[in-house]
Amino acid sequence: MKKRVLTFLIFLLGLSSLVFAEGSLKVVAAYGGKEKIFHQFTKDTGIKVDFIDMSSGELLSKLEAEQGKPSADVWFGGGLDSFIAAKNKGLLEKYVSPEMKEVPLKYRDKDGYWSGVSLVLVGFMVNNDILEEKGLKAPKTWADLAKPEYRDEVIMANPAISGTNYALVHNLIQALGEEKAWAYFEELGKNIPFLAKRGGEPPLKVTSGEFGVAVIPMSGEFILMEGKYPVTTIYPEDMIPWVPAGMAIFKNAENLDEAKKFIDWALSEKGQIVIRDEDPRAMVRNGVEIPKSIKTVDMNKLVDIDIERLGTEREQVLNEWKSRFGNKAK
């Protein structure tokens with residue numbers, strides 16, 4: 001634990017490389033339950049894993065600053081827009097795992113530079129006590145969330161940092177069109193006093209009673225908070241934004257063979273079940289059941305999106321977001 005804290009501090013100080021243990025697969029991870037996931041991978045393969053937790057937006061910025069010099073072997077979890085951008089900048093290693101034949105093409109790169117591992121769906125978490133105290137009903141749709149009665153009660157993460165929240169923004173742009181989507185975000189922005197720095201921060205601020213409503217990734221990690229706190233998680237009734245949580249090998253990875261074995265394992269039936277059970281989500285492999293712990297979700301409500309646009313339009317969308325809401329980013 002001390003080693004990982006030191007590693008993170010070194011990154012914050014702006015040094016050029018991450019610090020990992022020698023002789024192990026080096027992974028940059030943004031995924032719930034990763035400690036147990038990596039433990040099972042080691043148990044199954046004998047390959048030790050050393051990891052650091054970092055959001056996709058942070059990592060992409062770091063890779064670009066270091067001109068693609070890899071500090072790790074595998075990128076596990078995080079918003080797919082950053083994976084697509086990294087592929088287009090030549091920062092990823094092509095690898096077509098034999099397990100990819102069981103992954104629908106809409107969840108993976110046609111050229112083999114990245115694959116989804118699971119699906120991140122976006123919804124709401126509400127604090128029941130706060131809503132009752134203020135006489136508010138829980139929002140059921142995205143339109144509800146922008147209503148004036150939720151002024152200063154909504155928290156979401158900065159899309160420039162959180163891949164999940166960038167996916168939300170781009171999903172709604174694709175669903176509503178540019179003009180209507182940006183008009184919607186202008187209204188929603190009136191209800192958000194500031195943007196959180198990480199995707200996992202909004203649900204914590206709702207469970208603590210700081211906010212009444214959060215925009216969250218609908219993973220088991222957060223849905224299971226319903227049993228511990230006075231909160232309810234909600235799938236929007238009008239449409240559900242989504243994005244695959246990505247996985248890839250870095251270009252010029254030091255431990256390439258071990259990295260390929262991790263990709264194979266993570267996409268195998270056993271690996272998918274292990275990953276699903278540690279952080280319940282819908283998985284990308286055919287035949288792997290959706291866990292009951294993420295509630296009943298109507299997969300037909302998922303927004304029909306062009307995945308590639310998430311990456312190719314990332315800079316354009318984030319620049320527009322910054323010009324409109326940059327003052328809300330803490």
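Criteria and cut-off values
- Residues numbered from 1 in each chain as written.
- Predicted model: local features only at pLDDT ≥ 70, side-chain atom pairs only at ≥ 80, totals over all residues.
- Heavy atoms only, no water.
- Helix = DSSP H or I, 4+ residues; strand = E, 2+ residues; numbered from the N terminus.
- Rg over C-alpha atoms; globule rule 2.2 N^0.38 Å.
- Buried < 20%, exposed > 50% of the residue type's maximum accessible area, 1.4 Å probe, protein only.
- Contact = heavy atoms within 4.5 Å.
- Areas by Shrake-Rupley, 256 points an atom, 1.4 Å probe, with all protein chains shown as cover.
- pLDDT = per-residue confidence, 0-100.
- Core = buried A, V, L, I, M, F, W, Y, C linked by side-chain atoms within 4.5 Å.
- Salt bridge = Lys/Arg side-chain N within 4 Å of Asp/Glu carboxyl O.
- Axes fitted to C-alpha atoms, helices over the stretch in contact; angles between N-to-C directions.
- Parallel < 35°, antiparallel > 145°, perpendicular 65-115°, else oblique.
- Left-handed = near helix turned anticlockwise from the far one by under 90°.
- Nonpolar A, V, L, I, M, F, W, Y, C, P; charged D, E, K, R; others polar.
- 1 Å grid on protein atoms, 1.4 Å probe; cavity = no way out; pocket = protein on both sides within 12 Å on 5 of 7 lines; lining within 4 Å.
- Points joined across faces, edges and corners; volume = space filled by probe spheres on them.
- Pairing = 2+ DSSP bridges.
- Phe/Tyr/Trp six-rings, centres within 6.5 Å; stacked < 30°, edge-to-face > 60°.
- Lys NZ or Arg CZ within 6 Å of the ring centre and 35° of its normal.

Caption draft 1: Fine view of the overall build of the protein. Looking only at helices and strands, one finds 14 helices and eleven strands in the protein. The C-alpha atoms of the protein give 19 Å as radius of gyration, which agrees with the globular expectation for 330 residues (20 Å, within 12%). A principal-axis box enclosing the C-alpha atoms of the protein has dimensions of 55 × 40 × 40 Å. Buried positions account for 57% of the 330 residues belonging to the protein. Within the protein, contacts between residues at least 6 apart in sequence are counted, and of these 75% link residues at least 24 apart. When the accessible surface of the protein is split by element, carbon and sulfur atoms take 50% of a total near 14600 Å².

Caption draft 2: Molecular detail of the confidence of the model for the protein. Residues with a pLDDT of 70 or more make up 92% of the protein, whose mean pLDDT is 89. Below pLDDT 50 for its whole length, residues 1–17 participates in 22 contacts with residues either more than four positions away or in separate chains.

Caption draft 3: Broad picture of the nonpolar core. Formed by 111 residues in total, the largest nonpolar core has its most connected members in Phe76, Trp142, Phe185 and Phe262. Among the elements that line this core, the one with the most residues is strand 5 (residues 115–127), at eight residues. With residues up to four places along the chain from it excluded, the contact list for Phe185 reads Val169, Leu172, Ile173, Trp321 and Phe325.

Caption draft 4: Highlighting the pattern of salt bridges. Within the structure shown, the criterion is met by 20 salt bridges. Its salt-bridge partner being Arg285, residue Glu99 comes within 2.8 Å of it at the nearest N-O pair. Taken together, the residues span a long stretch of sequence, with Glu99 in the loop between strand 4 (92–93) and strand 5 and Arg285 in the loop between strand 11 (282–283) and helix 13 (307–312) at a distance of 186 residues. Salt bridges sharing partners connect three or more residues here, namely Lys87, Asp109, Lys110 and Asp111.

Caption draft 5: Quick peek at the environment of Ser61. Structurally, the position occupied by Ser61 is in helix 3 (residues 56–65). Judged by its relative accessible area of 45%, Ser61 is partly exposed.

Caption draft 6: How the structure looks around the packing of helix 7 (residues 163–176) against helix 8 (residues 178–189). Direction vectors running N to C along helix 7 and helix 8 enclose 135 degrees, while the axes themselves pass 7 Å from each other. Between helix 7 and helix 8, the angle is such that the two are oblique. The chirality of how helix 7 crosses helix 8 is right-handed. Along its contact with helix 7, which presents Val169, Leu172, Ile173 and Leu176, the element helix 8 presents Glu178, Lys180, Ala181, Trp182, Tyr184 and Phe185. Here the contact of helix 7 with helix 8 is composed, by residue class, of eight nonpolar, no polar and two charged.

Caption draft 7: Layout of empty space enclosed by the protein. One pass over the full model with this rule turns up three cavities of 30 Å³ or more. Of the pockets and cavities examined, the largest cavity occupies roughly 60 Å³. Among the elements that take part in the lining of the largest cavity, strand 10 (residues 242–250) stands out by supplying three residues, more than any other. Looking at the lining of the largest cavity residue by residue, the classes come out as eight nonpolar, two polar and one charged.

Caption draft 8: Quick peek at the environment of Leu195. With respect to the helices, strands and loops of the structure, Leu195 is situated in strand 7 (residues 195–196). In sequence terms Leu195 and Pro159 are 36 residues apart; their C-alpha atoms lie 8.6 Å from each other.

Caption draft 9: Representation of the layout of surface pockets. Approximately 650 Å³ is the volume attributed to the largest pocket. In terms of lining residues, the largest pocket is bounded by 30 residues, among which Ala30, Tyr31, Gly199, Gly200 and Phe222 are the most central. When residues of the lining of the largest pocket are traced back to their parent elements, those giving at least two are strand 3 (74–79), helix 7, helix 9 (201–207), helix 10 (220–223) and strand 10. Here the residues of the lining of the largest pocket sort into eleven nonpolar, twelve polar and seven charged. Its boundaries defined by the atoms lining it, the second largest pocket holds a volume of some 520 Å³. Forming the walls of the second largest pocket are 23 residues, and the residues nearest its centre are Leu60, Ala160, Arg314, Glu315 and Leu318. Secondary-structure elements contributing two or more residues to the lining of the second largest pocket are helix 3, helix 4 (80–88), helix 13 and helix 14 (314–325). The greatest single-element share of the lining of the second largest pocket, amounting to seven residues, is contributed by helix 14. Class assignment of the residues belonging to the lining of the second largest pocket gives a composition of nine nonpolar, eight polar and six charged.

Caption draft 10: View of the pairing of strand 6 (residues 154–157). Burial of the side chains of strand 6 extends over both faces: Val154 and Met156 are buried on one face and Ile155 and Ala157 on the other. As judged from the two bridges shared by strand 6 and strand 8 (residues 213–217), these two strands associate in the parallel manner. When the sheet's bridge partners are listed, Ile155 is paired in strand 8 with Ala214.

Caption draft 11: Focus on the packing of aromatic side chains. Here the structure, examined in full by the defined rule, presents 18 aromatic pairs. Each residue in the set Tyr31, Phe38, Phe41, Phe51, Phe76, Phe262 and Trp265 is aromatic and connected to the rest through ring pairs, giving one cluster. Sitting over the face of the ring of Tyr31, Arg281 holds its NZ or CZ atom 4.0 Å from the ring centroid. The positively charged end of Arg314 is found above the aromatic ring belonging to Tyr166, 6.0 Å away from the centroid.

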